[in-house]
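Notes for the structure review
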Amino acid sequence: MTLAERLARALERGARRGPVPLSGDMRDAVLQPPDEPTPAAVLVAVTDRAEPGVILTQRTETLRRHAGQVAFPGGRIDPGEDAVTAALREAEEEIALPRQQVHLVGPVDTYVTVTGFQVTPVIGVVPPDLPLIPAAAEVADWFEAPLAFLLDPANQLEREVDWQGSRRHYYEILWEGRRIWGATAAMIVNLSHRLRDD
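Residues numbered from 1 in each chain as written. Predicted model: local features only at pLDDT ≥ 70, side-chain atom pairs only at ≥ 80, totals over all residues. Heavy atoms only, no water.

Next up on the list: the overall build of the protein chain. Helix and strand counts for the protein chain stand at 4 helices and 11 strands. Within the protein chain, the fraction of its 198 residues that count as buried is 47%. Contacts in the protein chain between residues far apart in sequence, at least 24 positions, make up 65% of those at least 6 positions apart. Entry remark: accessible area of the protein chain is about 10,000 Å², with carbon and sulfur atoms responsible for 52%. (Helix = DSSP H or I, 4+ residues; strand = E, 2+ residues; numbered from the N terminus. Buried < 20%, exposed > 50% of the residue type's maximum accessible area, 1.4 Å probe, protein only. Contact = heavy atoms within 4.5 Å. Areas by Shrake-Rupley, 256 points an atom, 1.4 Å probe, with all protein chains shown as cover.)

See the structure below:
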């Protein structure tokens, strides 16, 4: 069975367990999702190795939003696009990941951020060691973190902070000097709930 088939089966079993209590931004009772969140999509690119990894980007320090943060490749869904098309386009634009190299597994639970985005993660399996090139205007660097490490609850650290007059909960995952937190970490936590038994 291929990695894509294993992930698809695991997600199907996870879906039968019922809805995932989404972690992170919108869990805080005092924070309300925006009336009209902006649709967005990210690509969760899993490398087809004996020990699979996940491709993540480090955003440039000059960006207006989320400067310097670790993120999945992704962004807004343009008019006429669906989440899959947007995720593949953004990954191609941000790190030159050819869309024809992505074996799609499919979208998973959406995530609404306090900054007004409704994000659909799209899982796809990609060959290892692709010659990825970061787009200098948006991406400072990219790296691959082990899937098993990211999905391990022991590595998903729950934090809280006072933000805009309320107590905000978020997740943080630390790997080899990289700090994965906020919406990206929350989407990883949500995915780990879906894949929990696998």
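A few words now on the nonpolar core. Ranked by internal contacts, the top residues of the largest apolar core, which has 35 residues, are Val 46, Val 54, Leu 56, Phe 72, Ile 123, Leu 150 and Ile 180. It is helix 4 (residues 182-194) that contributes the most residues to this core, 6 residues altogether. What Phe 72 contacts, discounting residues up to four positions off in sequence, is Val 42, Leu 43, Val 44, Val 54, Ile 55, Leu 56, Thr 57, Glu 94, Thr 184, Met 187 and Ile 188. The next biggest cluster of nonpolar side chains, apart from the first, holds 17 residues, and it includes Ala 83, Ala 86, Ala 91 and Val 102. (Core = buried A, V, L, I, M, F, W, Y, C linked by side-chain atoms within 4.5 Å.)

A word on the environment of Arg 89. Within the element layout of this structure, Arg 89 appears in helix 2 (residues 83-95). Arg 89 gets classed as buried once you look at its relative accessible area, which sits at 12%. Along the primary structure Arg 89 and Gly 74 are separated by 15 residues, whereas in three dimensions their C-alpha atoms are 8.1 Å apart. With residues up to four places along the chain from it excluded, the contact list for Arg 89 reads Arg 76, Asp 78, Glu 81 and Arg 99. Among the polar contacts listed, one links the side chain of Arg 89 to the backbone oxygen of Arg 76, at a separation of 3.1 Å. For Arg 89, the side chain forms a polar contact with the side chain of Glu 90, separated by 3.2 Å. (Polar contact = N/O pair within 3.5 Å; in protein donor to acceptor, adjacent residues only side chain to side chain.)

Attention now moves to the confidence of the model for the protein chain. Per-residue pLDDT for the protein chain averages 86, and the proportion of residues at 70 or more is 82%. Across residues 26-31, confidence stays below pLDDT 50; counting only partners more than four residues off in sequence or on other chains, it has 19 contacts. (pLDDT = per-residue confidence, 0-100.)

Moving on to the pattern of salt bridges. Applying the stated rule across the entire model yields 11 salt bridges. Ionic pairing is found between Glu 81 and Arg 89, a salt bridge with its closest N-O pair at 2.6 Å. With a closest N to O distance of 3.0 Å, Asp 141 and Arg 178 form a salt bridge. With Asp 141 in strand 8 (residues 139-146) and Arg 178 in strand 11 (residues 178-181), this residue pair connects regions lying 37 residues apart in the sequence. Connected via shared salt-bridge partners are Asp 78, Glu 81, Arg 89, Glu 90 and Glu 93. (Salt bridge = Lys/Arg side-chain N within 4 Å of Asp/Glu carboxyl O.)

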